[in-house]
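Residue-level structural notes
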2 protein chains.
Amino acid sequence: MFSFVEENYLKAIYHLSDHGRKSVSTNSLAEEMQTTAASVSDMVAKLSKKKAVDYQKYKGVNVSGKGKEVALRVIRKHRLWEVFLVDKLKFHWDEVHEIAEQLEHIKSPLLISRLDEFLDFPKHDPHGDPIPDENGIFSTVKKVALTELELNTPAQVVAVNDSSSAFLKYLDKVGVSIGTKLKVEDTNEFDGSLDIIINQQKALTISQTAAQNILVANI
Amino acid sequence: MFSFVEENYLKAIYHLSDHGRKSVSTNSLAEEMQTTAASVSDMVAKLSKKKAVDYQKYKGVNVSGKGKEVALRVIRKHRLWEVFLVDKLKFHWDEVHEIAEQLEHIKSPLLISRLDEFLDFPKHDPHGDPIPDENGIFSTVKKVALTELELNTPAQVVAVNDSSSAFLKYLDKVGVSIGTKLKVEDTNEFDGSLDIIINQQKALTISQTAAQNILVANI
DNA sequence: TGTAGTGTTTAGATTCGTCTAAAAAAAATA
DNA sequence: TATTTTTTTTAGACGAATCTAAACACTACA
Ligand SMILES: [Mn+2]
Ligand SMILES: [Mn+2]
Ligand SMILES: [Mn+2]
Ligand SMILES: [Mn+2]
């Protein structure tokens, strides 16, 4: 039905549109897909003819109902495979994305439901991102960037906004991972950095940039 | 280096050439690949230019050293994934081939070595076919078709020649699987059928066709 | 040994996804 | 509002893999 390449476009449109909430420009999609605006124009017209996106020339593009379904199915597979790689094959959380980019395109609904079961129906991937169920529904937990957390309120790390290897390695070094309990002790006005306490013991200061990429939930 | 399609051609040539022992005709390769002789001619010329096959016009084709390496790597991945599907995801041995056809093309040497370890370094896939190691070496066990087994000699089923769903379902029905111990009690001259005893108890008669597709080794 | 038949290769076209260059539309700015 | 700049689309081409039709090479055998 949809090719490897079409699936990747739909996933990118879904992400850039903030889960289908706003329309996506040709240039931003070209940057995301590491290709040219001309190629994007072509592909978007093609996806529009297949009713996978809503598109008007010069007005941007967004996923249609059908396109959203496809995107969510790919995202579900991507995240389940990442859980498999980390939980079962002992990969590190900064090594799994590229392999999951390939595995997400394997076509077999039965394979995915068996994998889901084998992994014990995980609700989140190794980076804390939610895994949609077979109907595309996310289990929603209210999460907030660490920069928004109120002072001295205990919270738990539930996800990261930046899954780059560099950032994940930094988090490892300072001892932050999914599930880590922490609170913010103080904010430093002059550069936006935060003084935090990890697991009721380790104190450290992290930059505003780092804090914006750490998502937490109240406990 | 090699595309999805090129990998499939190399695998097919390797199989049709009986592990590189004899050269493969354009037509037989076209049939195996479900395509036309013209397409095969094109692809074989391309693989020849890439030094993955030895090829002279009108004289047939065979894998080169490099092509054999590629084919064996794909075969290794195919069979390891089949073991994963059966042992870990509880698939039935007649359901795994199509999915493994997709998974065999995932590119990540580390993934395969981790998978191998996770599966406890299996030497055979669910159909009894040997899994080459990372250097392309098969662990060789002398196996023989059940039709060649001497009378009243105890043996063990180690592989099947026919992995079709129909044949595997038949084997399930009569209670034969990889590892089953059996011996041949008698041969019926008029139609080549065999009277066999399974696990020292169950007696049954199987056709010559079935027996030719069951491979056994002495115990 | 000439010829019919089979097997194989070449020629030319098609689809998919991509590219560069140029044209057109929209947005920004003067 | 008129002009410049940016964004987007169109035009035309290309490589990969495929196809059909036609030409060519090898084989069999009369
Ligand atoms: Mn990922
Ligand atoms: Mn992808
Ligand atoms: Mn198989
Ligand atoms: Mn394949």
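Figured I'd write up the structure that's included with this text. (Residues numbered from 1 in each chain as written. Chains lettered and ligands numbered in written order. Predicted model: local features only at pLDDT ≥ 70, side-chain atom pairs only at ≥ 80, totals over all residues. Heavy atoms only, no water.)

1. Looking at the overall build of chain A
When its secondary structure is counted, chain A shows eight helices and eight strands. Taking the principal axes of the C-alpha coordinates as reference, chain A spans close to 55 × 45 × 25 Å. Burial analysis of chain A (219 residues in total) assigns 47% to the buried set. Counting contacts in chain A only where the partners sit at least 6 residues apart, residues at least 24 apart contribute 61% of the total. Within chain A, the 31 negative side-chain charges are centred at a point lying 7 Å from the centre of the 27 positive side-chain charges. (Helix = DSSP H or I, 4+ residues; strand = E, 2+ residues; numbered from the N terminus. Buried < 20%, exposed > 50% of the residue type's maximum accessible area, 1.4 Å probe, protein only. Contact = heavy atoms within 4.5 Å. Lys, Arg positive; Asp, Glu negative; His and termini not counted. Charge placed at Lys NZ, Arg CZ, Asp CG, Glu CD.)

2. Section: the coordination of the manganese ion (ligand 2)
Residue and element names in this part refer to chain A. Coordination of the manganese ion (ligand 2) by the protein is provided by Asn 8 (OD1), Glu 101 (OE), Glu 104 (OE) and His 105 (NE2), with metal-donor distances spanning 2.0 to 2.7 Å. In primary sequence terms, the donor set of the manganese ion (ligand 2) follows N-x92-E-x2-E-H. Placement of the pair is Asn 8 in helix H1 (residues 4-16) and Glu 101 in helix H5 (residues 97-103), with a sequence separation of 93 residues. (Donors = N, O, S within 2.8 Å, 3.2 Å for Na, K, Ca; no water.)

3. Points about the sheet that holds strand S3 (residues 144-145) of chain B
Residues and elements named next belong to chain B. Strands sit in the order S3-S8-S4-S5-S6-S7 across an open sheet of six strands; the sheet is antiparallel. For this open sheet the edge positions go to S3 and strand S7 (202-206), each flanked by a neighbour on one side alone. Note that strand S6 (residues 193-198) and S7 share five bridges and pair antiparallel. The partner of Ile 198 across the bridge, within S7, is Lys 202. (Pairing = 2+ DSSP bridges.)

Note that all results are geometric; they support no functional claim without further evidence.
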